[in-house]
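Structural characterization, general
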Amino acid sequence: QHQINDYTNEQQLHYSQAKHNIIGDRSSVRLGRKRGKEEMFRFVAKKAVEAGNHASPRTKPSSNLAAMALSNRRANSNTSESNRNGMGYGIVHQQHIPADESENLFRHVASPKTVSIIGAPMTYGQPFVGTDSGPSLLREQGLLQDLSNLGWRVEDLPDLDFSAICAQAGKANPSVHSNPNAKHSLEVGAGTKALADLVESKMKMGNFPLILGGDHSIGLGSLAGILRAKPGTGVIWVDAHADLNIPGVSDSGNMHGMPLGLMMKELMPDRSVVPGLEWLEEGTSPYLPPDSLVYVGLRDIDKAERHFIRQLGIKTFTMYDIDHLGIGRVMDLALEHLLGKNPDRPLHLSYDIDAVDPLHAPATGTAVRGGLTWREAHFVAESVVKSGALASAEIVEVNATLSDGQGASQTVELGHQIVNALLGEVIL
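In this report, we go over the structure that sits alongside the text. Everything quoted here is computed from the prediction, not taken from an experiment.

**Notes on the overall build of the chain**
- Counting secondary structure elements, the chain contains 13 helices and eight strands.
- At a minimum sequence separation of 6, the contacts of the chain that also span at least 24 residues come to 75%.
- Total accessible area on the chain is roughly 19,400 Å²; 52% of this is exposed by carbon and sulfur atoms.

Here it is in structure tokens:
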């Protein structure tokens, strides 16, 4: 303790000045504090060794005190690293344990089970840049190796080149302008068509499409491809928002709030009236029946969407229901609704990271307080996997540019862990 006090007296002025110089940068302050702690423990360890070299064997403190100081430094370093990664106190490394193969959790996927990773870096469905970085950030977390460790054969496809696809759509139709109530519909339409074709082909091969967004307008392409390949698919939509708008009622005109509205025949019987969406009316026109959809986690619903949900009788579990019933009961009821009459139907799970409370996932474009907790977010994925019916999944709206370094890292890491849960990672 005396040596710690000595260190404090010697370093206090220097450290205060350094902190003052970087006070405007929160991440730098955190780094400075960490380095300050590391320097302190190095100082104590050094002094302990020096003192021990001159002490009698009876009082020699070097090994114990030095070990204690270094251990404390590592503990502080690990805790700091853990917090920056959004993993909570005391968890530094997480084991990726696959479910027992005898449980047959992915019965709609051909053997040997293969996951096709499809990067869909869409930004045109909402006003913020940055959602296009989602696929690469999730991969950089070690996603491919994790999925391999979970027993999957991994097909990592190149990201869809939306910058080229969408730009070409605009040039090919220079006289056509997007509906102001469906902003960038030409670009969104071209991008989602490319996604739909790819998803459909992978599902028909028996693979598990894992779609990494991108904003939630990609849900239009994901659903179209899935429903063309497997028309009876049930959908669990995990989101703070209903995404049930259509151009005629949307307040913002942002198409990331429309994928479900555009897939409901009762709301949009002819989607060709929206520039760029003509492809949805060609050949087999895919639609999602209202009773094949379940919402989980809603808490920010537009007036028109409230009316549509009630009118169509869509099964909906808001955050009120989760608070009242608990996430376990909510997921039991959601799965019972979709699988009760047809236990063999495939399921698709669309996971918007803004379903999670911004305390845990701040780096997203439309964050709303009062969302899922860390464990609830995982449980949603785990429970759907346990049903054995999950055949495809997507995660969207991760936008690292919309938070500081710690918030961005925390959000990406959470997205990464949710994906692992969706592909069969278990606790026991």
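**What to know about the pattern of salt bridges**
- Within this structure, the stated rule accounts for nine salt bridges.
- As a salt-bridge pair, glutamate 155 and lysine 202 come within 2.9 Å of each other at their nearest N and O atoms. In this pair, glutamate 155 is assigned in strand 2 (residues 153-156) and lysine 202 in helix 7 (residues 185-204), connecting sequence segments 47 residues apart.
- A residue is classified by how much of its surface remains accessible, and glutamate 155, at 23% relative accessible area, is partly exposed.
- Taking the relative accessible area as the measure of exposure, lysine 202 reaches 9% and is therefore buried.
- Here aspartate 197 makes a salt bridge to arginine 228, at a shortest N to O gap of 2.8 Å. Of this pair, aspartate 197 sits in helix 7 while arginine 228 sits in helix 8 (residues 219-229); the two residues are 31 residues apart in sequence, bridging distant segments of the chain.
- Accessibility expressed as a relative area gives 34% for aspartate 197, which makes it partly exposed.
- What emerges from the salt-bridge pattern is a single network uniting Lys193, Asp197, Glu200, Lys204 and Arg228.

**Side note on the packing of helix 6 (residues 162-172) against helix 7**
- At a minimum axis separation of 8 Å, helix 6 and helix 7 run at an interaxial angle of 130°. Here helix 6 lies oblique to helix 7, going by the angle between them. Crossing hand, helix 6 versus helix 7: right-handed. Facing helix 6, whose interface residues are Phe162, Ile165, Cys166 and Ala169, helix 7 presents Leu186, Glu187, Ala190, Gly191 and Ala194.
- Within the contact of helix 6 with helix 7, the residues separate by chemical class into seven nonpolar, one polar and one charged.

**Things to note about the packing of aromatic side chains**
- In the structure shown here, the tally under the stated rule is three aromatic pairs.
- For the pair phenylalanine 106 and tryptophan 152, a centre-to-centre distance of 4.9 Å together with 70° between the ring planes defines the contact as edge-to-face. Of this pair, phenylalanine 106 sits in the loop between helix 3 (62-84) and strand 1 (114-120) while tryptophan 152 sits in the loop between helix 5 (143-149) and strand 2; the two residues are 46 residues apart in sequence, bridging distant segments of the chain. The pair phenylalanine 106 / tryptophan 152 is uniform in exposure class, with both members buried.
- Each ring, one from tryptophan 152 and one from phenylalanine 208, has its centre 5.6 Å from the other, and the planes form 65°; the classification is edge-to-face.

**What to know about the environment of lysine 230**
- By secondary structure assignment, the location of lysine 230 is in the loop between helix 8 and strand 4 (234-238).
- Counting along the chain gives 161 residues from lysine 230 to alanine 391, while the straight-line C-alpha distance between them is 9.8 Å.
- The contact partners of lysine 230, leaving out residues within four places of it in the chain, are His108, Met203, Pro346 and Ala391.
- Here the side chain of lysine 230 touches histidine 108 through a polar contact of 3.3 Å, landing on its backbone oxygen.

**Details of the sheet that holds strand 5 (residues 293-298)**
- Strand order in the open sheet formed by eight strands is 2-1-3-8-7-4-5-6, and the pairing between neighbours is parallel. This sheet does not close on itself; its edge strands, each paired only once, are strand 2 and strand 6 (315-318). With direction set aside, neighbouring strand axes in the sheet form an average angle of 15°.
- Both strand 7 (residues 347-352) and strand 8 (residues 390-396) contribute to a ladder of six bridges, which runs parallel. Considered in strand 8, the bridge of aspartate 352 is made with valine 396.
- The strands that helix 13 (residues 405-422) touches are strand 3 (208-213), strand 7 and strand 8; relative to strand 8, the one it contacts most, it runs at about 175°.

**Section: the nonpolar core**
- Phe208, Tyr351, Leu372 and Leu423 are the most contacted members of the largest nonpolar core, which has 53 residues in total.
- If near-sequence neighbours (up to four positions away) are discounted, leucine 372 is found in contact with Val238, Met319, Ile322, Ile327, Tyr351, Ala355, Val356, Asp357, His360, Ala377 and Val380.
- Core analysis: the next-biggest nonpolar cluster, separate from the first, contains 33 residues, Ala196, Trp237, Met258 and Ile301 among them.

Rules used throughout
Residues numbered from 1 in each chain as written. Predicted model: local features only at pLDDT ≥ 70, side-chain atom pairs only at ≥ 80, totals over all residues. Heavy atoms only, no water. Helix = DSSP H or I, 4+ residues; strand = E, 2+ residues; numbered from the N terminus. Contact = heavy atoms within 4.5 Å. Areas by Shrake-Rupley, 256 points an atom, 1.4 Å probe, with all protein chains shown as cover. Salt bridge = Lys/Arg side-chain N within 4 Å of Asp/Glu carboxyl O. Buried < 20%, exposed > 50% of the residue type's maximum accessible area, 1.4 Å probe, protein only. Axes fitted to C-alpha atoms, helices over the stretch in contact; angles between N-to-C directions. Parallel < 35°, antiparallel > 145°, perpendicular 65-115°, else oblique. Left-handed = near helix turned anticlockwise from the far one by under 90°. Nonpolar A, V, L, I, M, F, W, Y, C, P; charged D, E, K, R; others polar. Phe/Tyr/Trp six-rings, centres within 6.5 Å; stacked < 30°, edge-to-face > 60°. Polar contact = N/O pair within 3.5 Å; in protein donor to acceptor, adjacent residues only side chain to side chain. Pairing = 2+ DSSP bridges. Core = buried A, V, L, I, M, F, W, Y, C linked by side-chain atoms within 4.5 Å.

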